[in-house]
Amino acid sequence: MAADASAPTLATRLRRPSAVGALGGLFVLALLAWLAVNAERTPADFLEVFLIGITTGCVYALVALGYTLVYGILELINFAHGDVFMLGGMFSITYATHFFGLHTGQGVLIIPIVFATLLLAMISCGLINAAIEFVAYRPLRGKPRLAPLITAIGMSFVIQDVGLIWKGPNYITAPDVFPRSKVFSIGGVDYTWNKLIVVVITIPVLLGLLYLVQRTRQGKAMRATAQDMDASAMMGINVNRTISFTFLIAGGLAGAAGLLYSLYVTTVRYDQGFQLGLIAFTAAVLGGVGNLPGAVLGAILIGLIQAFNEGLNWHAPGSDWTQSIVFSILILILVFRPEGLLGERTPEGG
Amino acid sequence: MSTNGRTPILQLTDVHTYYGAIHALKGISLEVYEGEIVTLLGANGAGKSTTLRSINGLNRPRQGSIRFEGRDITTVAAHQIVKRGIAQSPEGRRLFPRMTVVENLEMGAFQRNDRPGIREDMDRVFELFPRLQERRDQKAGTMSGGEQQMCAIGRALMARPKLLLLDEPSLGLAPIFVERIFEIIHQINEQGTSILLVEQNALMALDAAHRGYVLETGHIVLADDAKALKTNEQVRKTYLGET
Ligand SMILES: Nc1ncnc2c1ncn2[C@@H]1O[C@H](COP(=O)(O)OP(=O)(O)O)[C@@H](O)[C@H]1O
Ligand SMILES: [Mg+2]
């Protein structure tokens, strides 16, 4: 079946008129030239923007992985996923400030508080995501594709409303505890602690996920279920439990992203998951939906594109255009390279 | 029949199975005795695969009962069936296409944790199918139909089943592969595994089997020793292509 899936894409890639390829190549070249000019004119700004892009890319990666994990196993775009991320932000602020009394000026005490909050946010979002699957998607298993898809959009609204009722229509703020002092400087640019913290928390979470999927028995069950549910049941895999577990993990990643986002950006609002979710979904598609390393790559690229667009000085379209640019990318990939940058539609990461 | 006095390892009694409103099995009763090869013959759409799906829990009967080793398994969850000792090579083989041959075989032993035993069985599968050993690191989805069939049978054997269900193992294979598959079915049976074999290739199946059932639109219309079925007028006309 892998052969069936990849054969036509390969064939179409070979058959595709080279005019489109040339046009795409030209576009990428122009983009690189634009980046080069910017880097040349204001190297310090360029570097700074680059570092910001990597940081937001990390948050996007955690959310994008949730889309890709769920798509890999159910072929469902879980539209509610971005909203679970939003809830993760609200949980994080609530746990950190109400439970653990997090505030600025606590010194190293913030480290255990942030980790405890991270854990709780991951657990909360994981459980909520698994519950969503159980309530909203499982009863529709085996029904036409459109049914769970529409339900997912409905769940997205439900969760937004939960956020709205819980925290109200305005931004809620988190204490600004990630220090902005410099870790080191390169090329006259300070690399600040708040950015480093985001990366330092993201990387072990990503590595843990890769280990889980590629090396553990549960990961094996996930890979098998993603490839053939009936056959997996015949092997003795509890398919329902494996799907629940996948949603739990995806939700946990969204919870981690929610914590990082809320403490890095320091504001959360009920409708925030929708936009960030669509960006992360684009990242997942860019990398090749279903492909774990692809989701990370796509997320970093989207993070960089957004940062360059919003932060560079010379002929950057600016933040008003970010959404349009992200969706143009989404459309272009879906039309010209639906299998994404890393090709294969696999959850095991090719 | 040569089955007097023994209790069957598998026994279906008046099984009715549906797909939504479609009544696919209309009261199937059959037995497989320990050490037997039993074949289930019938035209396309007769209900052969549905019978296997009823046994393995993927399509639960609405009426009737299925017993395995004397215990009722009618409502046992699909993923528990293999632990009871029933494994299968399903219709369409259903390998994990993006896993290698070795990984597929390992999946067959997913519910086991006796590592030495698993290694032993892997060696045994490679002995039965040297071709699989050559392809051990190839992705299953990229292999030929015959190789995939071998892998599917091998994967089922990795569960070390007491009863092996085979759904059209010869479908779409070149004649040399077909003969090889039937040789192996014979060998597996000699090593002590009971087999329920679904086939459209009635001649080969009846040569291999001890007994057989003929299925027509969800009913069993004939049940007899394989030899008797081979000489049965109706069977010869319908399934052995005689006029
Ligand atoms: N997934 C399904 N949905 C609806 N009807 C089905 C499905 N699978 C099989 N059937 C019907 O059930 C009957 C038996 O099918 P099956 O057991 O596959 O036959 P066989 O294996 O003997 O060719 C047929 O009438 C077939 O159309
Ligand atoms: Mg069939």
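Residues numbered from 1 in each chain as written. Chains lettered and ligands numbered in written order. Predicted model: local features only at pLDDT ≥ 70, side-chain atom pairs only at ≥ 80, totals over all residues. Heavy atoms only, no water.

1. Digging into the confidence of the model for chain B
Do not read the fine detail of predicted coordinates wherever pLDDT is low.
No. 1: Of all residues in chain B, 96% have pLDDT values of 70 or greater, and the mean over the chain is 93.
No. 2: Interface confidence for the predicted complex, expressed as ipTM, amounts to 0.92; the pTM equals 0.90. (pLDDT = per-residue confidence, 0-100.)

2. Some remarks on the sheet that holds strand β10 (residues 219-225) of chain B
All names here are of chain B.
No. 1: Taken together, six strands build an open sheet; the order of strands is β6-β7-β8-β3-β9-β10 and the sheet is mixed. Looking at which strands have only one partner, the edges of the open sheet turn out to be β6 (86-89) and β10. On average, each strand axis in the sheet is inclined to that of its neighbour by 20 degrees, with strand direction left out of account.
No. 2: Taken together, the four bridges between β6 and strand β7 (residues 163-167) define a ladder with parallel strand orientation. Bridge pairing links Q88 to L165 in β7. (Pairing = 2+ DSSP bridges. Helix = DSSP H or I, 4+ residues; strand = E, 2+ residues; numbered from the N terminus. Axes fitted to C-alpha atoms, helices over the stretch in contact; angles between N-to-C directions.)

3. Points about helix α4 (residues 81-99) of chain A
Residues and elements named next belong to chain A.
No. 1: Between its first and last C-alpha atoms α4 spans 25 Å; for 19 residues at 1.5 Å apiece the expected length is 27 Å, and the two agree.
No. 2: Counting buried positions over the 19 residues of α4 gives 16, a clear majority of the element.
No. 3: Backbone geometry just downstream of α4 places G101 in the positive-phi region, at approximately 60 degrees. (Expected span 1.5 Å × (residues − 1). Buried < 20%, exposed > 50% of the residue type's maximum accessible area, 1.4 Å probe, protein only.)

4. So, the sheet that holds strand β2 (residues 22-33) of chain B
All names here are of chain B.
No. 1: Spatially, the four strands line up as an open sheet ordered β2-β1-β4-β5, and their pairing is antiparallel. Edge strands, defined here as strands with exactly one partner in the open sheet, are β2 and β5 (71-72).
No. 2: Two strands pair when backbone bridges link them, and strand β1 (residues 8-19) and strand β4 (residues 63-68) are joined in this way by five bridges, in the antiparallel orientation. In the strand pairing of β4, L10 is matched with F68.
No. 3: Seen against the sheet, helix α1 (residues 48-55) touches β1, β2 and β4 and runs at an angle of roughly 110 degrees to β1. (Contact = heavy atoms within 4.5 Å.)

5. A short note on a nonpolar patch on the surface
All names here are of chain A.
No. 1: Together, F27, V28, L29, L31 and L32 line one region of the surface with nonpolar side chains, adding up to about 490 Å² of accessible area.
No. 2: Here F27 is to be found in helix α2 (residues 18-41).
No. 3: F27 gets classed as exposed once you look at its relative accessible area, which sits at 53%. (Patch = residues over 30% accessible without salt bridge, like charges linked within 9 Å, V, L, I, M, F, W, Y side chains within 5 Å. Areas by Shrake-Rupley, 256 points an atom, 1.4 Å probe, with all protein chains shown as cover. Salt bridge = Lys/Arg side-chain N within 4 Å of Asp/Glu carboxyl O.)

6. A few points about the site of ligand 1
All names here are of chain B.
No. 1: If you check the shell around ligand 1, you find Y19, I22, A24, A43, N44, G45, A46, G47, K48, S49 and T50 and nothing else.
No. 2: The separation between an oxygen atom of ligand 1 and a polar main-chain atom of G45 is 2.7 Å.
No. 3: The protein chains hide 63% of the 550 Å² of surface that ligand 1 would expose on its own.
No. 4: Of all elements in the fold, only β2 and α1 reach the threshold of two or more residues within the shell around ligand 1.
No. 5: A per-element tally of the shell around ligand 1 places α1 first, with three residues.
No. 6: When grouped by side-chain class, the residues that make up the shell around ligand 1 number five nonpolar, five polar and one charged. (Near = heavy atom within 4 Å. Polar contact = N/O pair within 3.5 Å; in protein donor to acceptor, adjacent residues only side chain to side chain. Nonpolar A, V, L, I, M, F, W, Y, C, P; charged D, E, K, R; others polar.)

7. Brief notes about the packing of aromatic side chains
Residues and elements named next belong to chain A.
No. 1: Evaluated as defined, the whole model comprises nine aromatic pairs over all chains.
No. 2: Taking 5.1 Å as the distance between ring centres and 20 degrees as the angle between the ring planes, the aromatic pair formed by F46 and F308 counts as stacked. Residue F46 is found in helix α3 (residues 43-74), and its partner F308 is found in helix α12 (residues 292-311); the two are separated by 262 residues along the sequence. For the residue pair F46 and F308, the accessibility class agrees, reading buried in each case.
No. 3: By the ring-pair criterion, three or more aromatic residues cluster together here, those being F91, Y95, F99, F100 and W166. (Phe/Tyr/Trp six-rings, centres within 6.5 Å; stacked < 30°, edge-to-face > 60°.)

8. Overview of the packing of α4(A) against helix α10 (residues 239-265) of chain A
All names here are of chain A.
No. 1: Taken N-terminus to C-terminus, the directions of α4 and α10 make an angle of 55 degrees; their axes are 7 Å apart at the nearest point. In terms of axis orientation, α4 runs oblique to α10. Relative to α10, α4 is oriented so that their crossing is right-handed. Taken together, the residues of α10 that come into contact with α4 (itself represented by H81, V84, F85, G88, G89, S92 and I93) are A250, G251, A254, G255, A257, G258, L259, Y261 and S262.
No. 2: Split by residue class, the contact of α4 with α10 holds eight nonpolar, eight polar and no charged. (Parallel < 35°, antiparallel > 145°, perpendicular 65-115°, else oblique. Left-handed = near helix turned anticlockwise from the far one by under 90°.)

9. What about the interface of chain A and chain B?
No. 1: Taken residue by residue, the interface counts 25 residues in chain A and 22 residues in chain B.
No. 2: For the pair chain A and chain B, the two sides together bury roughly 2,300 Å², of which 60% comes from carbon and sulfur.
No. 3: The largest share of the area that chain A buries against chain B comes from Q227(A), M234(A) and M235(A), three residues that together contribute 31% of it.
No. 4: Summed over the shared surface of chain A and chain B, the result is five salt bridges.
No. 5: Residue D228(A) is joined to R94(B) by a salt bridge in which the shortest nitrogen-to-oxygen separation is 2.7 Å.
No. 6: At the surface where chain A touches chain B, the tally comes to six residue pairs in polar contact (both at pLDDT 80 or more).
No. 7: Listed by contribution, the elements that provide at least two residues to the side of chain A that touches chain B are α1 (2-15), α8 (217-227) and α9 (229-234) of chain A.
No. 8: Looking at which element gives the most residues to the side of chain A that touches chain B, the answer is α8(A), with seven residues.
No. 9: The residue inventory of the side of chain A that touches chain B, partitioned by class, reads 12 nonpolar, five polar and eight charged. (Buried area = accessible area lost by both parts, 1.4 Å probe.)

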